[in-house]
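# Descriptive structure summary
For reference, the chains in residue letters:
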Amino acid sequence: MDDLEHASQSDKDAAVASAARNQSRARVTSAILIVVVLLCGFLISMHLAGRIAAPIVAATENLKRMSNGDLSGRMVTNANDEIGEMSRHFNAFADDIERVIRSVRSGATALAGASGQMAATAASLSQGTSDQAASVQQTTASLEQMSASITQNADNSRATELAALGGAKDA
C-alpha cells in the first residue's frame, strides 16, 4: 500500500508541477497576446489618424495658398468615405471661388476700360466747350468792332450831311 500511496503521491506531484508549468505558460502567452493586441491597436490607430489627418493638413495648406491669392490648389482623392466627400466639396468650393474671382477681375478690367473711355470723352467735350467759348469771344469782339465802325460811319455821315447842308446854305 505504501507503494500505491507513493505512486499516487508521485502522480499527484507531477500533475501539480504540470499544472504550474501550464499556468506559467498561460501567463506568458496571455502577456504576449496582450502586447500583440496593444501593438496592433496602436498601429491601426496610427494608420487611421494618418488617414484622417493627411487630408485635413492638405485642406489647410490649400486654404493658406488661397488666402495668399493662389486659387489653383485642389485636393486629390480616390476615397468614397467622408474624407473623399470633404475633398470633393473642397474642390467644388475652390472652383466656385476661382470662377467668381475671374468674373470680378473681368468686370474690373471692363470697368477700367469704360472709365478710360469716359475720361477721353469728357476731355474731348471740355476741349470742344473751350473752343466754342473762344469762338464766342471772337464773335463778340468782332461785333463790338463792327458796332464801333457803324457808330463812327453814322457820325461821319452826320458830319458830312451837316457840312453839305452848310455848304448848300452858303452857296
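Owing to the predicted nature of the structure, the values given are computational and were not obtained by experimental measurement. (Residues numbered from 1 in each chain as written. Predicted model: local features only at pLDDT ≥ 70, side-chain atom pairs only at ≥ 80, totals over all residues. Heavy atoms only, no water.)

### Some remarks on the overall build of the protein
Tallying secondary structure elements over the protein gives two helices and zero strands in all. The globule rule puts the C-alpha radius of gyration for 171 residues at 16 Å, and the 56 Å found for the protein is more than 25% above it. Viewed in the frame of its principal axes, the protein has a C-alpha envelope of about 205 × 20 × 15 Å. Residue burial in the protein is summarised as follows: out of 171 residues, 7% are buried. Pairs at least 24 apart in sequence give 38% of the contacts found in the protein among residues at least 6 apart. (Helix = DSSP H or I, 4+ residues; strand = E, 2+ residues; numbered from the N terminus. Rg over C-alpha atoms; globule rule 2.2 N^0.38 Å. Buried < 20%, exposed > 50% of the residue type's maximum accessible area, 1.4 Å probe, protein only. Contact = heavy atoms within 4.5 Å.)

### Some details on the pattern of salt bridges
The final tally for this structure, using the stated rule, is eight salt bridges. The closest approach of N and O atoms between Asp81 and Arg51, which form a salt bridge, is 3.3 Å. A residue pair is termed long-range when its members are at least 10 positions apart, and Asp81 in the loop between α1 (2-67) and α2 (82-170) and Arg51 in helix α1 qualify at 30 residues. Exposure remark for Asp81: the relative accessible area of 25% places this residue in the partly exposed category. A relative accessible area of 45% means that Arg51 is categorised as partly exposed. Among the ionic pairs, Arg74 bridges to Glu98, the shortest N-O distance being 2.6 Å. (Salt bridge = Lys/Arg side-chain N within 4 Å of Asp/Glu carboxyl O.)

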